[in-house]
Amino acid sequence: MLQSLAGSSCVRLVEQHRSAWCFALLVLGYLLYLVFGAVVFSSVELPYEDLLRQELGKLKQRFLEEHACLSEQQLEQFLMRVLEASNYGVSVLSNASGNWNWDFTSSLFFASTVLSTTGYGHTVPLSDGGKAFCIIYSVIGIPFTLLFLTAVVQRIIVYVTRRPVLYFHIRWGFSKQVVAIIHAMVLGFVTVSCFFLIPAAIFSVLEDDWNFLESFYFCFISLSTIGLGDYVPGEGYNQKFRELYKIGITCYLLMGLIAMLVVLETFCELHELKKFRKLFYVKKDKEEDQVHIMEHDQLSFSSISDQAASMKDDQKANEPFVNSQSPTSNDSSPNN
């Protein structure tokens, strides 16, 4: 008896605070996912880093042995300066001297990465004026870009998602939820093919040092706006048609970002995902809902009464003055 009462009270407690428990599980799952990623990255990349450090140490020691006139301090100062310039996108290598980082096409590519929050980091402003302008440009441009992308996606999704789903639902009588799921899967497959697989194959041909995996990795890192900057197209030695290539990459990034947002919005509109997201949201109290409903009803009733009063005034204004003369005529009739 006591066990059944305790079990029912626990179930009731869980049901009453269901969203809070789901949110706690969500936070715990996210933290575990972060720890899982850290463990995997550390176990995979740490041995490679250790081997690279050992190799660089041996090369440095061999270089100092072959050039006894050069001290270790002078060499480190030179390397520090080279690495600092490399962080700003300026290379000391002779085969990279022909590429400018701040011509018009490169600046256009940089502006697109800033506004889309991709930010590869391979090229950054060098001067104080450039850094100040980048701050002002981003403060205005990023919300402007979000507004632009939202408006474009809202218009595209009507023709790409909602109308096709309604067409198959009304014309052929299929279930709307089933049609929406199949449509989302097909749209996702088409997007992956057009903006990941095919561009990855093209980049693997145009970029000499990239294979298909590295090209696909660049496409995913770019369109997901992660933008690590370890792979940037158009930065090779004597890149053919570099200006046109940079403009094409800029258009690809904008179109791909729009396509990704359309796919995400399509999946977010699925009924199953909406129910799943509601598990973690804070539910509104019934009293607040009733207050909102009463306020809405009061507003609606007041607006209706105002409309009725205005219509009545208009009707009185448009009526002929017949009713005002009728009492006088009625009063004069008995006297006669």
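About the criteria used
Residues numbered from 1 in each chain as written. Predicted model: local features only at pLDDT ≥ 70, side-chain atom pairs only at ≥ 80, totals over all residues. Heavy atoms only, no water. UniProt positions renumbered as here; feature names shortened; annotations may be inferred. Helix = DSSP H or I, 4+ residues; strand = E, 2+ residues; numbered from the N terminus. Core = buried A, V, L, I, M, F, W, Y, C linked by side-chain atoms within 4.5 Å. Buried < 20%, exposed > 50% of the residue type's maximum accessible area, 1.4 Å probe, protein only. Contact = heavy atoms within 4.5 Å. Axes fitted to C-alpha atoms, helices over the stretch in contact; angles between N-to-C directions. Parallel < 35°, antiparallel > 145°, perpendicular 65-115°, else oblique. Left-handed = near helix turned anticlockwise from the far one by under 90°. Salt bridge = Lys/Arg side-chain N within 4 Å of Asp/Glu carboxyl O.

Glancing now at the UniProt feature "transmembrane region" (unreviewed entry) in the protein chain. Mapped onto this numbering, the UniProt entry gives "transmembrane region" (unreviewed entry) at residues 21–44, 135–157, 178–203, 215–232 and 244–264. In residues 135–157, the share of helix is 100% and the share of strand is 0%. The end C-alpha atoms are 32 Å apart. Helix makes up 50% of residues 215–232 and strand 0%, with an end-to-end C-alpha separation of 10 Å.

Once that is clear, we can look at the nonpolar core. Among the nonpolar cores identified, the biggest contains 16 residues, and F203, C219, Y252 and L253 are the most heavily contacted of them. What C219 contacts, discounting residues up to four positions off in sequence, is F195, F196, P199, A200, F203 and Y252. L187, I258, V262 and V263 belong to the second largest nonpolar core, which has seven residues in total.

It is at 8 Å that the axes of helix α6 (residues 176–206) and helix α7 (residues 212–223) come closest, and there the two elements cross at 130°. Put simply, α6 runs oblique to α7. In terms of crossing hand, the pair formed by α6 and α7 is right-handed. Where α6 approaches α7, its residues F195, F196, L197, P199, A200, A201, F203 and S204 are matched on the opposing element by F212, S215, F216, F218, C219, F220 and L223.

Okay, the side chain of S222 next. In this structure, S222 sits in helix α7. On the basis of relative accessible area, S222 is assigned to the buried category, the value being 2%. Once residues lying within four places of it in the same chain are set aside, the contact partners of S222 are T118, Y120 and L253.

Tallying each qualifying case throughout the model produces four salt bridges. Between E49 and R53 there is a salt bridge, with the nearest N and O atoms lying 3.0 Å from each other. A residue pair is termed a helical-turn pair when its members lie 3 or 4 positions apart in one helix, as E49 and R53 do in helix α2 (residues 18–66) at four residues. Take R53: its relative accessible area is 58%, and that puts it in the exposed class. The shortest N-O distance in the salt bridge between K60 and E76 comes to 2.6 Å. On the criterion of sequence distance, the pair formed by K60 in helix α2 and E76 in helix α3 (residues 72–87) is long-range, its members being 16 residues apart. In this structure E76 comes out as partly exposed when scored by relative accessible area, which is 34%. Taken together, the shared-partner salt bridges connect K60, E72 and E76 into one network.

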